[in-house]
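These are the residues of each chain, in order.
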Amino acid sequence: MSNVFIVPFRVKAMENSIMPSNVSEAFISCYAQGSSYVEATERALKKLASDGLHVEEILQPIHEMAISDWSEHIKQQWPDYIDNLPAQSEFEGAVLSGQVVYGLFGSYNPE
């Protein structure tokens, strides 16, 4: 059975960020595979940087789950936003091919 690490971050938008222009800072969970949580975190850090997101902090705890639990996981985490997230097969395909999948961005006002 394949597992995926869930690595939470606090990020800030940089120039050419994928975040909406009215959002400057957010929380985001990244889903990535790796031989350890360290490798998964490094993979997520590269993806965030390539998407114009500066990591302010790597948050704790870092979780691990079976890739096959994605559908159940998003029903529990974001029941109102399931349609905005990848389907089980899309998630598995992305993660198994080495991609990092983002959960939902939780924006906040830093002041």
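Note that this is a predicted model, so its numbers are computed, not measured. (Residues numbered from 1 in each chain as written. Predicted model: local features only at pLDDT ≥ 70, side-chain atom pairs only at ≥ 80, totals over all residues. Heavy atoms only, no water.)

Peer 1: Break down the nonpolar core for me, citing the residues and quoting the values.
Peer 2: With 17 residues, the main nonpolar core has Phe9, Val11, Cys30, Leu48 and Tyr102 as its most contacted residues. Residues contacting Phe9, with those up to four places away along its chain left out, are Ala26, Phe27, Ile28, Cys30, Thr41, Ala44, Leu45, Leu48, Val55, Glu57, Ile58 and Leu59. If you look at the next biggest cluster of nonpolar residues, it comprises 13 residues, including Ile6, Trp78, Ala94 and Val101. (Core = buried A, V, L, I, M, F, W, Y, C linked by side-chain atoms within 4.5 Å. Buried < 20%, exposed > 50% of the residue type's maximum accessible area, 1.4 Å probe, protein only. Contact = heavy atoms within 4.5 Å.)

Peer 1: Can you break down the packing of aromatic side chains residue by residue, with the values?
Peer 2: Enumeration over the complete set of coordinates arrives at 4 aromatic pairs. Centroid distance Tyr31 to Phe91: 5.9 Å. Interplanar angle 80 degrees. Geometry classified as edge-to-face. Taken as a pair, Tyr31 in strand E2 (residues 25–32) and Phe91 in helix H3 (residues 88–96) lie far apart in primary sequence, 60 residues in all. Taken as a pair, Tyr31 and Phe91 share a single burial class, namely buried. Judged by centre distance (5.8 Å) and plane angle (65 degrees), the rings of Tyr102 and Phe105 are edge-to-face. (Phe/Tyr/Trp six-rings, centres within 6.5 Å; stacked < 30°, edge-to-face > 60°. Helix = DSSP H or I, 4+ residues; strand = E, 2+ residues; numbered from the N terminus.)

Peer 1: Describe in detail the pattern of salt bridges, supporting the description with residues and values.
Peer 2: This model, assessed by the stated rule, comprises 4 salt bridges. A salt bridge links Arg10 to Glu25; the nearest nitrogen and oxygen atoms lie 3.8 Å apart. With Arg10 in strand E1 (residues 3–13) and Glu25 in strand E2, this pair connects stretches of sequence that are 15 residues apart. We classify Glu25 as buried; its relative accessible area is 7%. (Salt bridge = Lys/Arg side-chain N within 4 Å of Asp/Glu carboxyl O.)

Peer 1: Explain helix H2 (residues 70–77) residue by residue, including any values.
Peer 2: Restricting attention to buried positions, one finds in H2 the residues Trp70, His73 and Ile74. For H2, the arc enclosing every buried residue in end-on projection is 90 degrees, short of the 170-degree limit, so these residues lie on one face. (Arc of directions from axis to C-beta.)

Peer 1: An account of the environment of Glu56 is needed here, citing residue identities and associated values.
Peer 2: One can find Glu56 in strand E3 (residues 53–58). On the accessibility criterion, Glu56 (32% relative accessible area) is partly exposed. If we skip the residues at most four places from it in the chain, Glu56 touches Arg10, Val11 and Lys12.

Peer 1: Describe the environment of Gln77, with residues and values.
Peer 2: Position of Gln77 relative to the elements: it lies in helix H2. The class of Gln77 is partly exposed, set by a relative accessible area of 46%. When the C-alpha atoms of Gln77 and Phe27 are compared, they prove to be 14 Å apart, with 50 residues separating the residues in sequence.

Peer 1: Outline unusual backbone geometry, listing residues and values.
Peer 2: The linkage connecting Gln60 with the following residue, Pro61, adopts the cis geometry, with an omega of -5 degrees. The topology assignment puts Pro61 in the loop between E3 and strand E4 (63–66). The residue Asn16 is not glycine, and still its phi comes out positive at about 65 degrees. Inspection of the secondary structure assignment puts Asn16 in the loop between E1 and E2. With a relative accessible area of 69%, Asn16 lands in the exposed category.

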